[in-house]
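Observations on chain architecture
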Amino acid sequence: SIWRRVAEHAKKAAMIRAGFATEIRRRANSSDRARTVLPVLDAAALARQRAISLHQKKAYADAVLAWKDYEQRLLMAYGAIHEPAPDLFRGVWEHQGTGPYPGDWDRTCASVADAGMTDILTNVSWPGKAHYASALLPRSSTFALWGDQLEQALAAAHKYDLKLHVWKVCWRLDGAPEALLASMRKAGRLQVTRAGKTINWLCPSDDRNLAYEKDAVREILRNYPVDGIHLDYIRYPNSGSCFCKGCRSRFEAKRGRRVANWPEDASHGGRDWRAYSAWRATQITRLVRDVNAIVDSLRPVASLSAAVYGKYPLCIASVGQDWGLWLEQGYVDFICPMNYTDDVDRFAGYTRPQLALPTQGGRVYPGIGVTANESRLDAIGTIKQIQRARALGARGFTLYELTPVLDREIFPTLKLGVTRTDK
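The following paragraphs examine the structure supplied in this document. These numbers come from a predicted model, not from an experiment. Chains are numbered independently. Their residues run from 1 in the order of the written sequence. Per-residue local features are limited, in this predicted model, to residues with pLDDT of at least 70; the limit for side-chain atom pairs, both in listing and counting, is 80 or more; totals at the level of whole chains, interfaces and linings are taken over all residues. Each side-chain value is derived from all of the structure's non-hydrogen atoms; neither hydrogens nor water enter the calculation.

1. Notes on the packing of helix H4 (residues 60-80) against helix H15 (residues 379-391)
Fitted lines through C-alpha atoms give the axes, limited to the stretch in contact for helices. The angle between two N-to-C directions lies from 0 to 180 degrees. Secondary structure elements are defined from DSSP: runs of H or I of at least 4 residues count as helices, runs of E of at least 2 residues count as strands, and each element is numbered from the N terminus. Relative orientation of the contacting elements H4 and H15 amounts to 10°, with a least axis distance of 10 Å. The orientation of H4 relative to H15 falls into the category roughly parallel. Residues Leu75, Tyr78 and Gly79 of H4 form the contact with H15, whose own contacting residues are Ala379, Ile380, Ile383 and Lys384. Here the contact of H4 with H15 is built from residues that sort into five nonpolar, one polar and one charged. The scheme is simple: roughly parallel for angles under 35 degrees, roughly antiparallel for over 145, roughly perpendicular for 65 to 115, oblique for anything else. Residues are treated as being in contact if the distance between any of their heavy atoms lies within 4.5 Å. Each residue gets one of three labels, nonpolar for Ala, Val, Leu, Ile, Met, Phe, Trp, Tyr, Cys and Pro, charged for Asp, Glu, Lys and Arg, and polar for the others, Gly among them.

The following block contains the structure:
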């Protein structure tokens, strides 16, 4: 009885794909891909008949495999009907800092290159820990277990002609040793919410924290031949911080007068909110501006980029992130808005205004949430969002995130068409 239910589930999943068969055949017949695609589609039809026969014979265990075979052949045909494009950037965020196969960056990079991708953004640096041989930041347990991840990732990426960007988390002290947190807290360097709660985020208006973040970037650029620095959490957590004593004094000095009721007047709806909101954004922008100057000075061949909130300009007030200005001033080489959604039309709704910004200049590479908290995409859903981004004028895209799921279930279909490298 269990196998029957499993077979019914496999059949249902496969039949959802069946609706694409007509579209695949029509598009194949109207393109030069017919010779490649139609044999795969014919093999899928045979696999379907075999699955139906096994199901009818109640050979449920074998039917499960047959339905999966049918589904996979349809996916291959669907992937193959799409054409690649001359993308400037086919990036993938790698969140763990080890690749999907810890201890084997060669395997990771070989697979990424084979899938037709061009860039990896690997998460190896936070204000409170580093997966590489840092003399400034605390070395992580990942470093202790697997060694220098940045060194290993760079060697493998360059072996396969991939660009490797250091995904650097800013301000957030996730994973920091308690001693560091206590020191920062005692020194008054952490953010304080409107409600008066201290949180484990560095205050961006504190010059000590600005210098600390910049020194971390300098160390990376001096010691590793990276292809880019990719800033994340380059913002405040929300509109409810920071309201620490330092922020008050520094904002009042900028305004030239005291804020009568702190933090109420500087909070949303308060008499000083607009001015305070703009001042907060300036604190974030100055780190981006300064890091840009550091990159230009120490490693001008490297790029500077950022992962950003997609709803611009609303994110200026909400989290202090004025990425339109960063593009306008040339502080970043490109940005990756996190446009995570299951719905391709909603994705287009996020992406269209970003690409319409007069300052973007082809430097917006929309982020597609393959395995994000907000979305889960299969290969077809991923292809649809890549194609929609291209149709809207994007010259690249960024996939979240590089996991075994992306490697085993998505890449094999993408490389047949949208990321194919041999035309």
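2. A few points about the environment of Leu377
Residue placement: Leu377 occurs in the loop between strand S10 (367-369) and H15. Remark: exposure states derive from per-residue accessible area (1.4 Å probe, protein chains only) relative to the maximum for the residue type, with buried under 20%, exposed over 50%, and partly exposed in between. Look at Leu377 and you get buried, because its relative accessible area is 11%. Linking Leu377 and Thr341, residues 36 residues apart in sequence, is a C-alpha distance of 8.6 Å. Setting aside residues up to four positions removed in sequence, Leu377 forms contacts with Thr341, Asp342, Ile368, Gly369, Val370, Thr382, Gln385 and Ile410.

3. Some details on a nonpolar patch on the surface
Patch definition: residues with relative accessible area over 30% and no salt bridge; like charges joined within 9 Å; nonpolar side chains (Val, Leu, Ile, Met, Phe, Trp, Tyr) joined within 5 Å. For every accessible area listed, the method is Shrake-Rupley and the probe measures 1.4 Å; residues are considered covered only by the protein chains on display. Put simply, a salt bridge is a Lys or Arg side-chain nitrogen that is within 4 Å of an Asp or Glu carboxyl oxygen. Judged by side-chain polarity, Ile2, Trp3 and Val6 come together as a nonpolar surface patch covering roughly 310 Å² of accessible area. On the basis of relative accessibility, which here comes to 57%, the residue Ile2 falls in the exposed class.

4. Describing helix H5 (residues 105-114)
Within the span of H5, buried status applies to Trp105, Thr108, Cys109, Ser111 and Val112. In an axial view of H5, the angular spread of the buried residues amounts to 160°, which keeps them on one side of the axis. In the core, the buried residues of H5 are packed alongside strand S1 (89-94), strand S2 (119-126), helix H7 (149-159) and helix H16 (404-414). Of the residues one or two after H5, Gly116 is the one with positive phi, at around 85°. Read the arc as the range of directions from the helix axis to the C-beta atoms.

5. Things to note about the nonpolar core
Counting 118 residues, the largest nonpolar core has Leu150, Ile229, Ile234, Trp326 and Leu399 as the members making the most contacts within it. Take this core: its biggest share by element is 11 residues, from H4. Each residue touching Ile234, except ones within four places of it in the same chain, is listed here: Cys170, Trp171, Ile284, Leu287, Val288, Ala306, Ala307, Gln321 and Trp326. In this text, buried Ala, Val, Leu, Ile, Met, Phe, Trp, Tyr and Cys residues form a nonpolar core when linked through side-chain atoms within 4.5 Å.

6. Points about the side chain of Thr382
Turning to its location among the elements, Thr382 is positioned in helix H15. Overall, the relative accessible area of 0% leaves Thr382 in the buried class. If we skip the residues at most four places from it in the chain, Thr382 touches Val370, Leu377, Leu399, Ile410 and Leu414.

7. A look at the pattern of salt bridges
Under the definition given, this model contains 23 salt bridges. Across the pair Asp378 and Arg17 runs a salt bridge whose closest N-O atoms are separated by 2.5 Å. A residue pair is termed long-range when its members are at least 10 positions apart, and Asp378 in the loop between S10 and H15 and Arg17 in helix H1 (residues 2-18) qualify at 361 residues. Looking at Asp378, the relative accessible area reads 29%, which means it is partly exposed. Between Arg73 and Asp69 there is a salt bridge, with the nearest N and O atoms lying 3.1 Å from each other. One end of the pair is Arg73 and the other is Asp69, both in helix H4 and four residues apart, which spans about a single turn. Through salt bridges with shared partners, a single ionic network connects Arg17, Glu71 and Asp378.

8. Focus: helix H8 (residues 178-186)
Of all the residues in H8, the buried ones are Leu180, Leu181 and Met184. The buried side chains of H8 occupy one side of the element, clustering within an arc of 100° when seen end-on. Across H8 from its buried face, at more than 90 degrees, point the exposed residues Glu178, Ala179 and Lys186. Buried-residue contacts for H8 involve strand S5 (190-192), strand S6 (198-202) and helix H9 (207-223). One or two positions beyond H8, positive phi appears at Gly188, with a value near 70°.

9. Thoughts on the pairing of strand S7 (residues 228-232)
Remember that side chains alternate between the two faces of the sheet whenever the strand is regular. Extensive coverage of S7 is indicated by the burial of five of its five residues. Of the two faces of S7, the one holding Gly228, His230 and Asp232 and the one holding Ile229 and Leu231 are both buried throughout. The sheet contact formed by strand S4 (residues 163-169) and S7 spans five bridges and is parallel. Residue pairing in the sheet places His165 in a bridge with Gly228 of S7. The pairing of S7 with strand S8 (residues 303-308) spans four bridges and is classified as parallel. Pairing of Ile229 across the sheet is with Leu304, part of S8. Strands are labelled as partners when DSSP assigns at least two bridges between them.

10. What about unusual backbone geometry?
A cis amide bond links Ser241 to the next residue, Cys242, at an omega of 5°. Looking at the element boundaries, Cys242 is found in the loop between S7 and helix H10 (245-255). Pro263 follows Trp262 through a cis peptide bond whose omega is 5°. With respect to the helices and strands, Pro263 occurs in the loop between H10 and helix H11 (273-298). Although it is not a glycine, Lys58 adopts a positive phi angle of roughly 65°. Relative to the assigned elements, Lys58 resides in the loop between helix H3 (34-56) and H4. Located in the positive-phi region is Trp171, a residue other than glycine, with phi close to 70°. Topologically, Trp171 is positioned in the loop between S4 and H8. For Trp171, a relative accessible area of 0% corresponds to the buried category.

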